[in-house]
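# Descriptive structure summary
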Amino acid sequence: MLDVWPWDGDLNEVRAALSRGRILAIPTESSYGLAVDPRSIAGVEAIYRLKERERGKPLPVVVASLEQAIDLGLEPNEAIRFAEAHWPAPLTVVAPLRAGVSLPAAAGGDTLAVRVPDDDRLRALLQALGHPLTATSANRSGEPPACDLADLEPILDATGALVIGGGRTPGGLASTVVSWTSAGLRVLRRGRFEF
């Protein structure tokens, strides 16, 4: 049976889970995401193992604010300035990391996919924790994303993961993903956000 943390629960339980390397399942705008501290080598590795995901593929991150993204090491660019005008929203931006920043969630790369989620409770949790979380879909690679506890159980039951909220997510399209090139804004994945 999955361990569920209610939104009004003791935040120390979430902090303790993260510090012990447990994975969180967080509700996003569409489905549940797998969350660890993006700075944690052990946490990021646990997600790769669970998802059976290719190691060189970065993990997207959700932040409470642009300030939190910059604190993590993001270098604001044109795509970030575009997104900031629309956030919070299901709009993910691939942006550069500052020179010299090495982040496990970036999988050795020099960019990071980041968004301010359109969910008040999730943003409040990120603010209270004081750091971002990864938010890759809660499923094994190639399988459909999980939208409720019944979907999460076969994936997470043996992992000791902590489910945040425990309700059903809306399902449907994932976030829209964009980046900035010399030619301007480039849409990498069409999704929930329309512009």
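As a starting point, this report considers the structure included with it. (Residues numbered from 1 in each chain as written. Predicted model: local features only at pLDDT ≥ 70, side-chain atom pairs only at ≥ 80, totals over all residues. Heavy atoms only, no water.)

Turning our eyes to something else, we now look at the side chain of T169. Relative to the elements of secondary structure, T169 occurs in the loop between strand 9 (162–164) and strand 10 (176–181). Here T169 is in contact with P27, T28, S30, S31, Y32, A146 and C147, once residues within four sequence places are set aside. (Helix = DSSP H or I, 4+ residues; strand = E, 2+ residues; numbered from the N terminus. Contact = heavy atoms within 4.5 Å.)

What the 5 strands build is an open sheet, ordered 1-9-2-3-8; its pairing is mixed. The open sheet is flanked by strand 1 (3–5) and strand 8 (136–137), the only strands paired with a single partner. Bridge analysis of strand 1 against strand 9 gives 3 bridges, and the strand direction is parallel. Counted as the bridge partner of W5 is I164 from strand 9. Those strands touched by helix 2 (residues 41–51) are strand 3 (32–35) and strand 8, and its axis lies near 135° from that of strand 3. (Pairing = 2+ DSSP bridges. Axes fitted to C-alpha atoms, helices over the stretch in contact; angles between N-to-C directions.)

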